[in-house]
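Notes for the structure review
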4 protein chains.
Amino acid sequence: MKNSIGTNVILTLFGESHGPAIGAVIDGLAAGIPVDEAFIASQLAKRRPQGPVDTARREQDRFQVLSGVFGGYTTGSPICIVIPNEDVRSADYEQDKGLARPSHADYVAQVKYGGFQDYRGGGHFSGRVTAAIVAAGAIALKALDAKGIRIGTHILECGGVRDADFNALGSPDGLALLDSYLDALNGKNFPVVDDIEEAVTAKILDAKADNDSIGGIIQTAITGLEPGLGEPWFDSLEGVLSKALFAIGGIKGVEFGSGFGFASMRGSEANDAFCVEDGRVLTRTNHNGGVNGGISNGMPVVFNCAVKPTPSISKEQQTVNYITGQNQALNLKGRHDPAIIRRICIVVSSLMAIVLCDVLAGARGADYLK
Amino acid sequence: MKNSIGTNVILTLFGESHGPAIGAVIDGLAAGIPVDEAFIASQLAKRRPQGPVDTARREQDRFQVLSGVFGGYTTGSPICIVIPNEDVRSADYEQDKGLARPSHADYVAQVKYGGFQDYRGGGHFSGRVTAAIVAAGAIALKALDAKGIRIGTHILECGGVRDADFNALGSPDGLALLDSYLDALNGKNFPVVDDIEEAVTAKILDAKADNDSIGGIIQTAITGLEPGLGEPWFDSLEGVLSKALFAIGGIKGVEFGSGFGFASMRGSEANDAFCVEDGRVLTRTNHNGGVNGGISNGMPVVFNCAVKPTPSISKEQQTVNYITGQNQALNLKGRHDPAIIRRICIVVSSLMAIVLCDVLAGARGADYLK
Amino acid sequence: MKNSIGTNVILTLFGESHGPAIGAVIDGLAAGIPVDEAFIASQLAKRRPQGPVDTARREQDRFQVLSGVFGGYTTGSPICIVIPNEDVRSADYEQDKGLARPSHADYVAQVKYGGFQDYRGGGHFSGRVTAAIVAAGAIALKALDAKGIRIGTHILECGGVRDADFNALGSPDGLALLDSYLDALNGKNFPVVDDIEEAVTAKILDAKADNDSIGGIIQTAITGLEPGLGEPWFDSLEGVLSKALFAIGGIKGVEFGSGFGFASMRGSEANDAFCVEDGRVLTRTNHNGGVNGGISNGMPVVFNCAVKPTPSISKEQQTVNYITGQNQALNLKGRHDPAIIRRICIVVSSLMAIVLCDVLAGARGADYLK
Amino acid sequence: MKNSIGTNVILTLFGESHGPAIGAVIDGLAAGIPVDEAFIASQLAKRRPQGPVDTARREQDRFQVLSGVFGGYTTGSPICIVIPNEDVRSADYEQDKGLARPSHADYVAQVKYGGFQDYRGGGHFSGRVTAAIVAAGAIALKALDAKGIRIGTHILECGGVRDADFNALGSPDGLALLDSYLDALNGKNFPVVDDIEEAVTAKILDAKADNDSIGGIIQTAITGLEPGLGEPWFDSLEGVLSKALFAIGGIKGVEFGSGFGFASMRGSEANDAFCVEDGRVLTRTNHNGGVNGGISNGMPVVFNCAVKPTPSISKEQQTVNYITGQNQALNLKGRHDPAIIRRICIVVSSLMAIVLCDVLAGARGADYLK
């Protein structure tokens, strides 16, 4: 499938950072889902670089819906959304041609594509392509919202500053609290729950001042998901979500619920006891992050992603020129994010929305999300 | 795809813990791969419960190859391997019918299958099914080995005891050291590199003595993989491997290279500088775990998996009877592993071998592994 | 996918004619479908050689259901059905080793698998494998029947003798007539509607007497299918059904409705006018075979398949020995069908049932057929 | 997959007849394939309406390559080609809103999409979308040509006039003759081999003069294909090609080699005897159309498609208004083709090229076509 993901609802990405446009085709969405172009635009705005912690590249994200939408609703046919590239400065990349930026895909692209890749700005590997995920995801998020399913992603940790941990919320009290957190996140450009924007920003600017970058951990919660979604073995909810998550450049780890924290727990602590509450089966704790045996159990699905520091830094680095085959020093020009952790949150929520539409379409039929 | 994984080499699992048999079909392997039944048996032996840290259930794993092998070689047609179930004590499960074992799939199976699931011993969700992965994986491991690709998985951490960390090994010296580690692992039933078997065993037996269980972290390294394997976006090597890994019950987190450790690193530490060494492009450090932009970079692919404590414990637990809809106490009988961390290692290596065969078949053609 | 077909309900075939067993895995069927082993056996009996027009090879088809069925119902997990091979006479094939039987797959298998294929009796290419389709299809047929969907296949033409043409039946009168035809077919071992069994048998025995074989045309009707199933473009109902049909050895052509007859029609004859009849939209004629734009229109889905004469004939033939690379004469031994047209009918209906379960699961959700 | 086809090389279609644009994404093509925009334009010209036998709608087909091509070569990333719609007269369709055009997809689209479909000009079902197939196919055709694989499609029969039959050509003499036929076809706008353009045109104009339309049979040959391509059972070459062919509106039958002609043949006539000729294994006759057991045998792959008469005719027809639920007469306006048989030939060749790239990429690896 390569640049496509999904079985019943399928997202396909295309485009390069410095080519004419990037875009997405989303196929298999039910007919009759309202498509709100203003909402798509507002979601794109959240991903767009916008303050001191982001790159100075200014993207307008003037998207066009070429197909699959008629009279404000999905038609059931594939939706192609195109976002032309603007404010492109290819010259920054021409001078470093052949230099493999460390932790970037330049070298592997050279090996894989034999020199035919569009090397400018990372080409098809560029984070720029995630704008198409956000645009397509905006439609999916609205479709899920109509079914009572909410998705939110926040910065859980950056530079040692930590936000509220969704995974610590059990039932029944934690459920309402979590929904209030997700509501709050939707209205924010800087996706944190507690009052830590300033502290996180300071950490990022510290790194920027050092011509360096930093990573962090982001956390996503999905609420309102009915139990029974996912499959045993290879289409486990965890497997399906993680495959999508690792598509996003910079994500190097995914853990559900207590994740790596399980390593220091015993079964008697780790097991989430089931209980009946108002006729509904819940668990008091949510160490399993809402998933048992690969299948949703009715509790919020909660997972964390490790985000590595942005590879593009202004400090001098040692690397290889893959054209000459020589070791060479690299002094990166161009406009870079000292941390992508703010911008990546909306990308994760958007992509998860698309994948969940796929899971629901498989389980409930193509028309379920109409 | 549900119980199948792969695009060009496809593994399909079937069977229930207490049904007639479990098994696997593996399709798409090239013709002409030697199939060594003694090796399959020895791999199954590594997964089999065998000492004080494992369940007392005694499985013989008398497998039969029903198809796809002729004269000791793969024919290119689907290989069906069946492993009949033996030493089944269903009565242990009859008395707990309706009781959702915490952190197990009993409840979600009830919701998903509406009471038609085979509830005995976890049915199709049972870890028993992983024997089929090991049997099929044995063929894949041999095919990879012939191409110079090795896979090894060890217990990195359990009960606070830690083994040597493959991720700390860079190039060029670390490469040979890692291969010697993998060679050593192949000969061991207790998969650790350093002299920690006794210490880990003690921690597991501690938990067992408390009628409890413990989790841990396992680590896998793949060496000899050429650069350029994997795809940008949705078929990233990380995504493809993680989707398979999350199929294995008990795995709740996957991190590549430094993974969640990236959260406290800066770009200047995290970036793996490229260098030319004897005409080969390597990186001195391997924080990225051998993968850049979703694609292998020629360094060892290294990842960790978080393994949760075995859910089945003998301590009394609170739960729900999904038939009566009442809260109820659960006192588990049956034979359980106080930790699955030893047995899971060979499952992970086996499954990774199958997935890599798929990746290689896609990149190099179906006949590449002949 | 190779030996698998389907997106949401997936059939996988394995096995060789002279290996230990052939079989199938069917995954994705809803939980709760009754599995009637006696019905499976009776369907297998229809495919089994049984009279003068079939091969003398006697197969018992003692199938075993290894997984996915519990207490007489599907569990929702993969169903593996195994049929051991009996009455195998491999010696017949040893003496012709290396001789490419004309119109058989021997030569292409040699090229594709490089000599590692199981060449005995056609190996994995053998029609023997279709027994697994019939066994799996029996479950699918019952599931469809519960939804009011019937499938029947008959010999439309063989040796110049023709049966009633389902495609000539329009609405409303033809609908009831067609259902009565399908009912009658279900009870017959020789699948014809009109009183032509004797005439067809005579034609086949004529060919047999000449050490020769004959082909023919079979026709399938599916009734009770709701309108709106299928997709525009690549998952058209016609495309999905035809892909499955061409899997069956001997089928060399597929036409829907008037098919090749359209070549000599004008639009004004060929167009099926819509009409409202008792509040239901129907077409008076059914030249389109129940499919418009790749999607079911509520009329019976009717298609014909061309079946080539059985390639195995006792007449001397000229061919190539692919081991010596020499031209050589071939005098086939072994037990062969002078015509497979009787036995292929139940295979087609069975396979169509599985494919329709897949189409319905995709459109209506995995649980629709429960 | 719905609007996508392929496993390793994947084509995705989008767009509606009267929307902003139609287009295609083709993913998985090797890097380094030359992309000749002039050739794409010339292929589109062959599909474009251009004479008395075609619709009067004038499409410019000003395509844009948005991604995946850099410096005149494929990059290995998805190629998105967009063709804006021009000369659109939606008003023709507004007045017939709700009227199900017989043999068209209007009614099934209404059932499937519940009124949300773009009904103008058939929307996503429109033959207009095949322009995207031709544009994408032009790249695939060039890639195949570099490997010595040629594809050509001609009108075999229309209005009783017949062209030379490729299926009658055996080996060795027929092979060179067939290649000369394919060469000749490439240079022609009216795809016939013999001198029958005038006769066919007359038949089509006859139908047009009667406010009617006619169908026919087209025939495709693929030469230069190595033996061993395709799979037994579900990815048979016949199955894979036919699934793609039935995606094209108007194709209602597909037969390989002698196809339905096998019905009146005996095995001794139908079997293609193998022979060694200059060290190469061939068959004297080619009744099997180059495919045995689902796999190419080295002879030309030859198949015929039945093309139904264009459903849009100017004669008054009876039909249903699916909005009012009433029977109603239909007098079609708009600009229609009296026969699509000329225009469909290039679409078939283009689509076959894409599918063959997929087959080759699966068998030989993604880079084979570089």
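Refer to the preceding data block for the structure.
Here is what the cut-offs are and how they apply
- The residue numbering used here restarts from 1 in each chain and proceeds along that chain's sequence as written.
- Just so you know, chain letters begin at A and ligand numbers begin at 1, following the order they were written in.
- For a predicted model such as this one, the threshold for reporting local features is a pLDDT of at least 70, and the threshold for listing and counting side-chain atom pairs is 80 or more; totals across whole chains, interfaces and linings nevertheless cover every residue.
- Water and hydrogen atoms play no part in the side-chain values, which are based on all heavy atoms of the structure.
- In this text, helices come from DSSP runs of H or I with a minimum length of four residues, and strands from runs of E with a minimum of two, each type numbered from the N-terminal end.
- We take the radius of gyration over the C-alpha atoms and set the globule estimate at 2.2 Å times the residue count to the 0.38 power.
- Think of it in three bands: residues with accessible area under 20% of the maximum for their type are buried, residues over 50% are exposed, and the middle band is partly exposed, with areas taken using a 1.4 Å probe on protein chains only.
- Throughout, a residue-residue contact means that at least one pair of heavy atoms, one from each residue, lies within 4.5 Å.
- Note that accessible areas follow from Shrake-Rupley with a 1.4 Å probe, and for residues the cover is restricted to the protein chains shown.
- Charge assignment in this entry is limited to Lys and Arg as positive and Asp and Glu as negative, and neither His nor the chain termini are counted.
- Every charge is mapped onto a representative atom, which is NZ of Lys, CZ of Arg, CG of Asp or CD of Glu.
- What makes two strands pair is DSSP finding at least two bridges between them.
- Axes here mean lines fitted to C-alpha atoms, for a helix over just the part in contact, with angles spanning 0 to 180 degrees between N-to-C directions.
- The labels follow the angle: roughly parallel below 35 degrees, roughly antiparallel above 145, roughly perpendicular from 65 to 115, and oblique for the rest.
- Take the far helix as the reference: if the near one is turned anticlockwise from it by less than a right angle, the crossing is left-handed, and if turned clockwise, right-handed.
- Basically, the charged four are Asp, Glu, Lys and Arg, the nonpolar ten are Ala, Val, Leu, Ile, Met, Phe, Trp, Tyr, Cys and Pro, and anything else, Gly included, counts as polar.
- A simple way to read buried area is as the amount of 1.4 Å-probe accessible surface that goes missing from two parts once joined, with both sides added.
- The copies are overlaid by a least-squares fit using only the C-alpha atoms of residues whose pLDDT is at least 70 in both copies.
- A side-chain nitrogen of Lys or Arg and a carboxyl oxygen of Asp or Glu constitute a salt bridge if their distance falls within 4 Å.
- Here a polar contact is taken to be a pair of N or O atoms separated by no more than 3.5 Å, where protein atoms must pair a possible hydrogen donor with a possible acceptor and residues adjacent in sequence count only if both atoms sit in side chains.
- Working definition: the arc comes from the directions between the helix axis and the C-beta atoms, pointing outward to the latter.

Before going further, it helps to spend a moment on the overall build of chain A. Across its full length, chain A carries 9 helices and 18 strands. Against the 2.2 N^0.38 benchmark of 21 Å for 370 residues, chain A shows a C-alpha radius of gyration of 21 Å, consistent with a compact globule. Taking all 370 residues of chain A together, 69% fall into the buried category. At a minimum sequence separation of 6, the contacts of chain A that also span at least 24 residues come to 73%. With the model as given, the accessible surface of chain A reaches about 10700 Å², and the carbon-plus-sulfur share is 48%. Averaging the coordinates of the 33 positive side-chain charges in chain A and doing the same for the 41 negative ones gives two points 5 Å apart.

Right, let's talk about the sheet that holds strand 1 (residues 4–5) of chain B for a bit. Residue and element names in this part refer to chain B. One open sheet holds the 5 strands; their spatial order is 1-2-3-7-4, and the pairing between them is antiparallel. Pairing within the sheet leaves two strands with one partner each, and these edge strands are strand 1 and strand 4 (64–65). In this sheet, strand 7 (residues 79–84) lies alongside strand 4 in antiparallel orientation, the contact comprising 2 bridges. Along strand 7, the bridge assignment pairs Gln64 with Val82.

Another aspect to go through is the packing of helix 7 (residues 237–245) of chain D against helix 9 (residues 341–364) of chain D. Residues and elements named next belong to chain D. Running from N to C, helix 7 and helix 9 cross one another at 140 degrees; their axes reach a closest spacing of 10 Å. The orientation of helix 7 relative to helix 9 falls into the category oblique. When you trace helix 7 past helix 9, the crossing you get is right-handed. The segment helix 7 lies against helix 9, with Leu237, Val240, Leu241, Ala244 and Leu245 engaging Val348, Leu351, Met352, Val355, Leu356 and Val359. The residue makeup of the contact of helix 7 with helix 9, split by class, is 11 nonpolar, no polar and no charged.

Turning our attention to the interface of chain D and chain A. Contact residues are listed per partner, giving 40 residues for chain D and 40 residues for chain A. Three residues, Leu66, Phe70 and Phe116 of chain D, lead the burial of chain D against chain A; their summed loss comes to 21% of the area buried on that side. Taken together, the elements giving at least two residues each to the side of chain D that touches chain A come down to strand 2 (10–15), strand 3 (21–27), strand 6 (73–74), strand 7 (79–84) and helix 3 (106–113) of chain D. Looking at the side of chain D that touches chain A, the element that brings in the most residues is strand 2 of chain D, giving 5 residues. Taken together, the residues that form the side of chain D that touches chain A break down as 18 nonpolar, 15 polar and 7 charged.

Attention now goes to the relation of the copies chain B and chain A. With an RMSD of 0.0 Å, the fit of chain B onto chain A corresponds to turning through 180 degrees and sliding 0.0 Å along the axis. Such values leave the two copies arranged in the relation of a two-fold axis. A shared binding surface is used by both copies, with 100% of the interface residues of chain B retained as interface residues in chain A.

What follows is about the interface of chain B and chain A. Counting residues at the interface gives 96 residues for chain B and 97 residues for chain A. Summed over both partners, the interface of chain B with chain A comes to about 7900 Å²; 62% of that surface belongs to carbon and sulfur atoms. Here chain B and chain A share 8 salt bridges between them. When the shortest N-O distance is used, the salt bridge between Lys252 of chain A and Glu238 of chain B registers 2.7 Å. Applying the counting criterion to the chain B and chain A interface returns 46 residue pairs in polar contact (both at pLDDT 80 or more). The residue makeup of the side of chain B that touches chain A, split by class, is 46 nonpolar, 33 polar and 17 charged. Inspection of the sheet shows strand 11 (residues 251–256) of chain A paired to strand 11 (residues 251–256) of chain B by 3 bridges, in the antiparallel sense.

Residue and element names in this part refer to chain C. The set of residues buried in helix 1 (residues 37–47) consists of Ile40, Gln43, Leu44, Lys46 and Arg47. All buried residues of helix 1 project into a common sector of 150 degrees when viewed along the axis, lining one side. Taken together, the buried residues of helix 1 touch strand 7 (79–84), helix 4 (130–145), helix 5 (173–186) and helix 9 (341–364). Its side-chain oxygen 3.0 Å from the backbone nitrogen of Ala38, Asp36 forms the N-cap of helix 1.

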